[in-house]
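Understanding the architecture of this molecule
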Amino acid sequence: MSASPRQAPPTEGASDQPELKKAITPKLLLLFIVGDILGTGVYSLTGKVAGEVGGAGWLPIIVAFAVAMVSALSYVEMVTKYPQAAGAALYVHKAFGIHFLTFMVTFAVLSSGITSASNSAIFLAENVLKAFGLEESLGDAAAPLTTGIALAFLVIVALVNLRGVAESVKANVVLTSIEMTGLALVIIVGFFTVARGQADFSRVILFETQDEKGMFMAVIGATALAFFSMVGFEDSVNMAEETVDPVKNFPKALITGLSITGVIYVLISILAVAVVPIGRLTESTTPLLEVVKVGAPGIPIDTIFAFISIFAVANTVLINMMMASRLLYGMSKQGVLPGFLRGVLASRRTPWAGIVFSTVLAFALVLSVRYVLAEDTIAALGGTTALLLLAVFGLVNVSVLVLRKDKVENRHFRTPTVLPWIGAATSFALITPLAQPAQNYVIAGGLLAVGLVLYIATWIYNSAIKARRTRFHHPDDIGRD
């Protein structure tokens, strides 16, 4: 007797799903991109980058910007060629058609969101202590209190997500304005200090490392760290289906948005070193706050800036945790993760299982870096986020080249062929041990191992119990509600 054929699992969100409303105008898209890139990276890592190369922290930021721009152009080609909301996972799947690779790319993106959210939660907690002047008075109790605040904030974010408060693009405009206000404040204070003749620009060209690395190795390592400040633009591809005329508007918005943030970051990196001694900047957990303190000591602007920093990074946590929970939910619907992650809260129609699971992972990360990698808290999580996304960017650049043979009817942007080659080479180079410290591999490997265990468990269940293949049945719908 012949075996019965394997049946595909029923999957919601297939081709009969109604199209998304195209409501995002070019201006809203630009603000979304700028707001998504600005935030925790520049607020928290300015001092860490200076610690790698000294006053020449602007150099790795420029290199990171160049690497990001090349990969951004590859994203522009892909998103205008395939204007679906699935992002990197869809491009890699179309290029290679390997379901396990698609899964690992998707889980890497998910993991990068969790590491970014954990990083931001810790930085937010440190700013809470700064805002209320508790850091020095608490002494040794400051560290556990910071950890507690970070965990409490992750719980608040989970509750907000469970309630179903979806972040609209217009709300993002408000939060972007707060972020840009904080950075504008740093720039204004910096220029004011320069005008008074109190800035030391000799530090800007000073190159020094803490562990006697050569200039090339130090810049490579600092570039991998600085790249965290440039990520965020890849989230905008998820807005492609809701953008008015994405073929025309998306390239302009992404290139302009990334360029604006690049200029802001370079300007801040120069002013920060010129205003604040490198040692003080490197040791501070809130480096830009040090710029404001030194540049405007007679004005209680440092307290205001601490609160601005809190708002600036809060949105980063919310967006990344929402993305992570929905990717877990989407992959469970696709049948490549256990079915329990498909749980939806009936009263609010929110993916409660994905929210709880992603929050637990974020908890584990915060506790690990606070008590296992305590001295490298921000750098480890920021660096791990960059590591995961650099690997994804490398694959997206390769996918661009592979998919050149795939002709589509719609007109689309086409990046010069040499750029994806450069993007792939630089992205993969920046994930090697030459650029990445060991703890980044440990954190990234641990997260991907969690995904691998879940995938294997699902594969065994699907094969033994359901007699069906473990595969993405509708890759275009990855991450959709």
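Conventions used here
- Residues numbered from 1 in each chain as written.
- Predicted model: local features only at pLDDT ≥ 70, side-chain atom pairs only at ≥ 80, totals over all residues.
- Heavy atoms only, no water.
- Helix = DSSP H or I, 4+ residues; strand = E, 2+ residues; numbered from the N terminus.
- Buried < 20%, exposed > 50% of the residue type's maximum accessible area, 1.4 Å probe, protein only.
- Areas by Shrake-Rupley, 256 points an atom, 1.4 Å probe, with all protein chains shown as cover.
- pLDDT = per-residue confidence, 0-100.
- Contact = heavy atoms within 4.5 Å.
- Phe/Tyr/Trp six-rings, centres within 6.5 Å; stacked < 30°, edge-to-face > 60°.
- Axes fitted to C-alpha atoms, helices over the stretch in contact; angles between N-to-C directions.
- Parallel < 35°, antiparallel > 145°, perpendicular 65-115°, else oblique.
- Left-handed = near helix turned anticlockwise from the far one by under 90°.
- Nonpolar A, V, L, I, M, F, W, Y, C, P; charged D, E, K, R; others polar.
- Core = buried A, V, L, I, M, F, W, Y, C linked by side-chain atoms within 4.5 Å.
- Salt bridge = Lys/Arg side-chain N within 4 Å of Asp/Glu carboxyl O.
- Expected span 1.5 Å × (residues − 1).
- Patch = residues over 30% accessible without salt bridge, like charges linked within 9 Å, V, L, I, M, F, W, Y side chains within 5 Å.

**Focus on the overall build of the protein**
Across its full length, the protein holds 17 helices and zero strands. Counting the 481 residues in the protein, one finds 57% classified as buried. Total accessible area computed for the protein in this model is approximately 19,600 Å², and 67% of it derives from carbon and sulfur atoms.

**Quick word on the confidence of the model for the protein**
Looking at the protein, pLDDT values average 81 and 86% of them are 70 or higher. When the elements of the protein are averaged for pLDDT, helix H6 (residues 135–138) gives the smallest value, 70, and helix H16 (residues 418–429) the largest, 95. Counted against residues more than four places away or in other chains, residues 1–20, with its pLDDT under 50, gives 23 contacts. Taken together, the stretch residues 165–169 has pLDDT below 50 and engages in eleven contacts with residues farther than four places along the chain or on a different chain.

**Here we look at the packing of aromatic side chains**
Remark: the centre distance and the inter-plane angle together describe each pair of aromatic rings, the angle taken between the planes. Considering all chains together, one arrives at eight aromatic pairs under this definition. Ring geometry for Tyr-75 versus Tyr-91: centroids 6.2 Å apart, planes at 75°, classification edge-to-face. Linking Tyr-75 in helix H3 (residues 58–81) with Tyr-91 in helix H4 (residues 88–96), this pair joins segments that are 16 residues apart in sequence. Each of the two residues, Tyr-75 as well as Tyr-91, counts as buried.

**Structural notes on the side chain of Ser-358**
Along the chain, Ser-358 falls in helix H14 (residues 352–371). Among the residues examined, Ser-358 registers a relative accessible area of 1% and is labelled buried. Once you skip the residues sitting within four places of it in the chain, Ser-358 turns out to touch Ile-114, Met-321, Ala-324, Ser-325 and Leu-328.

**Observations regarding the packing of helix H1 (residues 26–37) against helix H10 (residues 246–275)**
Relative orientation of the contacting elements H1 and H10 amounts to 40°, with a least axis distance of 9 Å. Taken together, the axes of H1 and H10 are oblique relative to one another. In this structure, the crossing between H1 and H10 has a hand that is right-handed. In contact with Pro-26, Leu-29, Leu-30, Ile-33, Val-34 and Ile-37 of H1, H10 contributes Asn-249, Phe-250, Ala-253, Leu-254, Thr-256, Gly-257, Leu-258, Thr-261 and Tyr-265. Looking at side-chain class alone, the contact of H1 with H10 contains eleven nonpolar, four polar and no charged residues.

**Structural notes on the nonpolar core**
Tyr-43, Tyr-75, Tyr-91, Phe-103, Phe-227 and Phe-233 are the most contacted members of the largest nonpolar core, which has 131 residues in total. Top contributing element to this core by residue count: helix H13 (residues 301–334), with 17 residues. Setting aside its immediate chain neighbours within four residues, Tyr-43 contacts Phe-123, Ile-178, Glu-179, Gly-182, Leu-183, Pro-287, Leu-288, Phe-305, Ile-308, Ser-309 and Ala-312.

**Considerations on helix H12 (residues 287–295)**
Summarising burial for H12: seven of the nine residues are buried, a large majority. When H12 is considered as a whole, its buried residues turn out to be Pro-287, Leu-288, Leu-289, Glu-290, Val-291, Val-292 and Gly-295.

**Some thoughts on the pattern of salt bridges**
Within this structure, the stated rule accounts for three salt bridges. Between Glu-77 and Arg-404 there is a salt bridge, with its nearest N and O atoms 2.9 Å apart. Of this pair, Glu-77 sits in helix H3 while Arg-404 sits in the loop between helix H15 (377–402) and H16, and the two are 327 residues apart along the sequence.

**A look at the packing of H4 against helix H5 (residues 99–131)**
Where H4 meets H5, the axes come as close as 9 Å, and the angle between the chain directions of the two elements is 160°. Considered as vectors, H4 and H5 are oriented roughly antiparallel to each other. When the axes of H4 and H5 are compared, the crossing they make is right-handed. Counting all contacts with H4, which are made through Ala-88, Ala-89, Val-92, His-93 and Phe-96, the residues of H5 involved are His-99, Leu-101, Thr-102, Val-105 and Thr-106.

**Digging into H10**
End to end, H10 covers 42 Å across 30 residues, agreeing with the expected 44 Å (1.5 Å per residue, within 8%). By the criterion of burial, H10 is predominantly enclosed, with 21 of the 30 residues buried.

**Observations regarding a nonpolar patch on the surface**
Taken together, Phe-96, Ile-98, Phe-100, Leu-452, Ile-456, Trp-459 and Ile-460 make up a surface patch of nonpolar side chains, about 630 Å² in accessible area. Element by element, the count of residues in the nonpolar patch is highest for helix H17 (residues 438–466), at four residues. As for its position among the elements, Trp-459 is in helix H17. When its relative accessible area of 48% is taken as the criterion, Trp-459 is described as partly exposed.

**Quick notes on the environment of Val-263**
One can find Val-263 in helix H10. What makes Val-263 exposed here is its relative accessible area of 57%.

**Thoughts on the environment of Phe-65**
Along the polypeptide, Phe-65 turns up in helix H3. Expressed as a C-alpha distance, the spacing of Phe-65 and Thr-261, which sit 196 residues apart in the sequence, is 9.1 Å. Each residue touching Phe-65, except ones within four places of it in the same chain, is listed here: Met-230, Leu-258, Ser-259 and Gly-262.

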